[in-house]
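The chain contents come next:
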Amino acid sequence: QVQLVESGGGLVQPGGSLRLSCAASGSVSSIYAMGWYRQAPGKQRESVATITSGGTTYYADFVKGRFTISRDNAKNTVTLQMNSLKPEDTAVYYCNYQSSRWPNTWGQGTQVTVSS
C-alpha cells in the first residue's frame, strides 16, 4: 500500500498564500499521478490540480493562474503553491495518489481556511 502525509494547511487572509505538501511512501511506483482535491462544507469533493510522473499538469478552472502544482520524483512529493487565496478556497484539501496497483489512495486531509 501507499501512505500519504499532508502538511501546510492553516488560516490565511484573502489574497494570501499557502503551500501544501504531500509525501508518498510505501509501494510507490515510478509511474503514477498525484493531485490535490478539496471538499468544502456541504459540497462534494472536487479536483483542484493533478500532475503525472512525466510532469503533465491539470488545473481546475477556478484555480488557474493562482495555484501551481509541482513534484519531486526523487522524494515522491507533490506540492501545491496557492497564491491569491479567496474565501471560496476554504476547504479540506486532500492529496491523492493513483497507480495501476493502487488506483485511489487518499491522504488524511488538511484544513485551509481563508478569512479576514
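What comes next concerns the included structure. Note that the structure is a prediction, hence the values are computed from the model and not measured.

## Examining unusual backbone geometry
Alright, step 1. Even without being a glycine, asparagine 76 presents a positive backbone phi close to 50 degrees.
Alright, step 2. One can find asparagine 76 in the loop between strand S7 (67-72) and strand S8 (77-82).
Alright, step 3. The exposure class assigned to asparagine 76 is buried, which follows from its relative accessible area of 19%.
Alright, step 4. Non-glycine residue serine 84 carries a positive phi angle of around 50 degrees.
Alright, step 5. With respect to the element layout, serine 84 can be found in the loop between S8 and strand S9 (91-98).

## A short note on the pairing of strand S5 (residues 46-52)
Alright, step 1. Here six bridges tie strand S4 (residues 33-39) to S5, and the two strands are oriented antiparallel to one another. What sits directly across from methionine 34, in S5, is isoleucine 51.
Alright, step 2. In this antiparallel pair of consecutive strands, S4 and S5, the connection spans six residues, and glycine 42 shows a positive phi of 80 degrees.
Alright, step 3. Between S5 and strand S6 (residues 57-59), which pair antiparallel in sequence order, lie four residues; one of them, glycine 55, sits at a positive phi of approximately 95 degrees.

## Focus on the state of the cysteines
Alright, step 1. Counted by the stated rule, this structure contains one disulfide.
Alright, step 2. Disulfide partner of cysteine 22: cysteine 95, at an S-S distance of 2.1 Å. Every disulfide takes its handedness from the sign of the S-S torsion; for cysteine 22 and cysteine 95 that torsion is -90 degrees, giving left-handed. Of this pair, cysteine 22 sits in strand S3 (residues 18-26) while cysteine 95 sits in strand S9; the two residues are 73 residues apart in sequence, bridging distant segments of the chain.
Alright, step 3. Of the residues examined, cysteine 95 reaches a relative accessible area of 0% and is grouped as buried.

How each quantity is defined
Residues numbered from 1 in each chain as written. Predicted model: local features only at pLDDT ≥ 70, side-chain atom pairs only at ≥ 80, totals over all residues. Heavy atoms only, no water. Helix = DSSP H or I, 4+ residues; strand = E, 2+ residues; numbered from the N terminus. Buried < 20%, exposed > 50% of the residue type's maximum accessible area, 1.4 Å probe, protein only. Pairing = 2+ DSSP bridges. Disulfide = S-S within 2.5 Å.

None of the figures reported here should be taken as evidence of function without further support.
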